[in-house]
Amino acid sequence: MSHSKIPTTVITGFLGAGKTTLVRHILANAKGKRIALIINEFGDIGVDKDVLAGCGDETCREEDMIELANGCICCTVADDFIPTMKAILARPDRPDHIVIETSGLALPQPLIRAFNWPEIKAEVTIDGVVTVADAAALAEGRFASNEEEVDAQRRLDEMLDHDTPLGELFEDQMVAADMIVLNKTDLVDAAALEAVEAELREHMRQGTKIVRAANGHVDTMALLGLGMSTEDNLEGRESHHELEHDGEGHEHDDFDSFSVTLPSGPGRDQLLAAISETIAAHDVLRLKGFAAIPGAKARLAIQAVGPRVNAYFDREWKEGEDRVTRLVVIGESPLARDEIETSLKKVAQAA
Ligand SMILES: Nc1nc2c(ncn2[C@@H]2O[C@H](COP(=O)(O)OP(=O)(O)OP(=O)(O)O)[C@@H](O)[C@H]2O)c(=O)[nH]1
């Protein structure tokens, strides 16, 4: 039986840039396309899948979502990614399109190269690599080193030139892109947006499109269907690591993640205040999870990206579900795990 190749969109972008939000938008606007979703997370709790599954739409069907929870898709291509793709391809009801959301710390390059493995290449093609960039984080210079020491303008100028793990990873994700979704435009003014966009243009491959968005609202038909066959066009997309080490394996020691479980206890405001304080004190890059708030029938989804903390009740607790607060914490290594845990647990004990 011959099939046409299934187009696959790879979504990359730094921690908290809005990848899951974009995926949610794609699923809600799939216009009848059956989409299989592969989600890769850094951290040991599958928050992203749970966020999508909590959306309540029939487009977020549990059976169409596959989670690769063990960290970095770039390091587990052979063990995890290839078998997962083969399982999708073996289904009797093959999807019309595959979307892969990589973890915010993943280098997209090894994943893109995996599409040239013979058993994958025969059946699947990369429709496009979409990199989500966080306009607010960029405007605030959050990829620069010594953030406090430089003034806002210098930060903006230097943000992409630094040899920090954050800066390098960010550049690696940028050069991999066929399209950049410059997200969170609602959080910055027009002048800052222009500055961020000008800076991005200097660091991406020529010809890459930038699409501005808020909350991942991009025309799905423009996003899916780029028809790039990216696996055949790898030139100029090399990561720092590939350029410096001939593509030998790479390390993820630069970043660290752990999860914390807290008993239900503090109220919403107390908990969010404690989270904000902890993030500020320990330079946490990303924190996310779900919280049990006393008296609330629904669980509170918590999403922090740098200093910005969002929270919303996403769905009611299910029968038999463990009503505790579980949070994933991600930051540059070494993370002061004990101190962060103590700081978060203090609020639960005080309640
Ligand atoms: N104001 C604003 N918030 C946004 C926008 N897009 C996403 N967010 C919020 O940013 C937070 C992170 O969004 P996600 O979609 O989870 O980001 P992500 O890139 O999937 O995060 P990781 O998978 O952890 O790397 C959430 O609180 C979102 O609601 C936007 O355009 N504007």
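Criteria and cut-off values
Residues numbered from 1 in each chain as written. Predicted model: local features only at pLDDT ≥ 70, side-chain atom pairs only at ≥ 80, totals over all residues. Heavy atoms only, no water. UniProt positions renumbered as here; feature names shortened; annotations may be inferred. Helix = DSSP H or I, 4+ residues; strand = E, 2+ residues; numbered from the N terminus. Buried < 20%, exposed > 50% of the residue type's maximum accessible area, 1.4 Å probe, protein only. Contact = heavy atoms within 4.5 Å. Core = buried A, V, L, I, M, F, W, Y, C linked by side-chain atoms within 4.5 Å. Pairing = 2+ DSSP bridges. Axes fitted to C-alpha atoms, helices over the stretch in contact; angles between N-to-C directions. Near = heavy atom within 4 Å. Polar contact = N/O pair within 3.5 Å; in protein donor to acceptor, adjacent residues only side chain to side chain. Areas by Shrake-Rupley, 256 points an atom, 1.4 Å probe, with all protein chains shown as cover. Parallel < 35°, antiparallel > 145°, perpendicular 65-115°, else oblique. Left-handed = near helix turned anticlockwise from the far one by under 90°. Nonpolar A, V, L, I, M, F, W, Y, C, P; charged D, E, K, R; others polar. Phe/Tyr/Trp six-rings, centres within 6.5 Å; stacked < 30°, edge-to-face > 60°. Lys NZ or Arg CZ within 6 Å of the ring centre and 35° of its normal.

- If you look the protein up in an unreviewed UniProt entry, it shows as Cobalamin biosynthesis protein CobW from Pelagibacterium luteolum.
- Looking at the Catalytic activity (unreviewed entry) heading of the UniProt record, one finds this comment for the protein: "GTP + H2O = GDP + phosphate + H(+)".
- In its Function (unreviewed entry) section, the UniProt record describing the protein reads: "Zinc chaperone that directly transfers zinc cofactor to target proteins, thereby activating them. Zinc is transferred from the CXCC motif in the GTPase domain to the zinc binding site in target proteins in a process requiring GTP hydrolysis."

1. Some details on the overall build of the protein
- In terms of regular secondary structure, the protein is built from 13 helices and twelve strands.
- A buried classification covers 56% of the 351 residues belonging to the protein.
- In the protein, of all internal contacts separated by at least 6 residues, the share reaching a separation of at least 24 is 78%.

2. Description of the environment of Gly236
- The topology assignment puts Gly236 in the loop between helix H10 (220-223) and helix H11 (240-245).
- For the pair Gly236 and Val175, spaced 61 residues apart in sequence, the C-alpha separation works out to 7.1 Å.
- What Gly236 contacts, discounting residues up to four positions off in sequence, is Val175 and Arg205.

3. Some details on the nonpolar core
- The biggest cluster of nonpolar side chains holds 24 residues, and the ones touching the most others in it are Leu271, Ile275, Leu287, Ile302 and Val329.
- When contributions to this core are tallied by element, the ones reaching two or more residues are strand E8 (255-262), helix H12 (268-282), strand E9 (286-291), strand E10 (298-305), strand E12 (325-332) and helix H13 (337-350).
- Counting 23 residues, the second-largest nonpolar core is a separate cluster that includes Ile38, Leu68, Ile126 and Val129.

4. Considering the sheet that holds strand E11 (residues 308-316)
- Taken together, the five strands give an open sheet; going across it, the order is E8-E12-E9-E10-E11, and neighbouring strands pair in antiparallel fashion. Among the strands making up the open sheet, the edge pair consists of E8 and E11. Averaged over all pairs of adjacent strands, the angle between their axes in this sheet comes to 15 degrees, without regard to strand direction.
- Relative to E10, E9 is paired through six bridges, and the arrangement is antiparallel. Residue pairing across strands places Gly289 opposite Ile302, the latter belonging to E10.

5. Some details on the site of the ligand
- The local shell around the ligand holds 22 residues, among which Thr20, Thr21, Asn215, Arg286 and Lys288 are the closest.
- Contact between the ligand and Gly18: an oxygen atom at 2.9 Å from a main-chain N or O atom of the residue.
- For the ligand, the protein covers 90% of the area, taking 660 Å² as the surface of the free molecule.
- Contributing elements (two or more residues each) for the shell around the ligand: helix H1 (19-28), E9 and E10.

6. Overview of the side chain of Asp127
- Tracing the sequence through the fold places Asp127 in strand E5 (residues 124-134).
- One polar contact links the side chain of Asp127 to the main-chain amide nitrogen of Gly227, over a distance of 2.6 Å.
- Dropping the residues within four chain positions of it, Asp127 is found in contact with Pro7, Thr8, Thr9, His97, Leu223, Leu224, Gly225, Leu226, Gly227 and Met228.

7. Regarding the environment of Leu22
- Among the secondary structure elements, Leu22 is positioned in helix H1.
- In this structure the C-alpha to C-alpha distance between Leu22 and Val218, which are 196 residues apart in sequence, comes to 7.9 Å.
- If we skip the residues at most four places from it in the chain, Leu22 touches Ile11, Val130, Val132, Val181, Gly216, Val218 and Leu223.

8. Some points on the environment of His97
- In this structure, His97 sits in strand E4 (residues 97-101).
- Assessed through its relative accessible area of 1%, His97 is described here as buried.
- Taking the C-alpha atoms as reference points, His97 and Ala30, 67 residues apart in sequence, are found 9.8 Å from one another.
- Each residue touching His97, except ones within four places of it in the same chain, is listed here: Ile6, Pro7, Thr8, Thr9, Lys33, Arg34, Ile35, Ala36, Asp127, Leu224 and Gly225.

9. A look at the packing of H12 against H13
- Where H12 contacts H13, the two axes come as close as 9 Å, and the packing angle between them is 160 degrees. It follows from the interaxial angle that H12 and H13 lie roughly antiparallel. Note on packing geometry: the crossing formed by H12 with H13 is right-handed. Contacts between H12 and H13 involve Gln270, Leu271, Ala274, Ile275, Thr278 and His282 from the former and Glu339, Ile340, Ser343, Leu344 and Val347 from the latter.
- A breakdown of the residues in the contact of H12 with H13 according to their chemical character gives six nonpolar, four polar and one charged.

10. Things to note about the sheet that holds strand E2 (residues 35-40)
- Read from one edge to the other, the open sheet built from seven strands follows the order E3-E2-E4-E1-E5-E6-E7, with strand pairing classed as parallel. A strand with exactly one partner marks an edge of an open sheet, and here the two such strands are strand E3 (65-68) and strand E7 (209-212). For this sheet, the mean inter-axis angle between neighbouring strands, taken without regard to orientation, is 20 degrees.
- Pairing analysis gives four bridges linking strand E1 (residues 6-13) to E4, with the strands arranged parallel.

11. Some thoughts on the packing of aromatic side chains
- Inspection of the entire model under this criterion finds one aromatic pair.
- With centroids separated by 5.6 Å and ring planes inclined at 50 degrees, the aromatic side chains of Phe81 and Phe115 adopt a geometry described as tilted. Linking Phe81 in helix H3 (residues 77-90) with Phe115 in the loop between helix H4 (108-114) and helix H5 (118-121), this pair joins segments that are 34 residues apart in sequence.
- A relative accessible area of 0% places Phe115 in the buried class.
- Between the NZ or CZ atom of Arg299 and the centre of the ring of Phe290, over which it lies, the distance is 3.6 Å.

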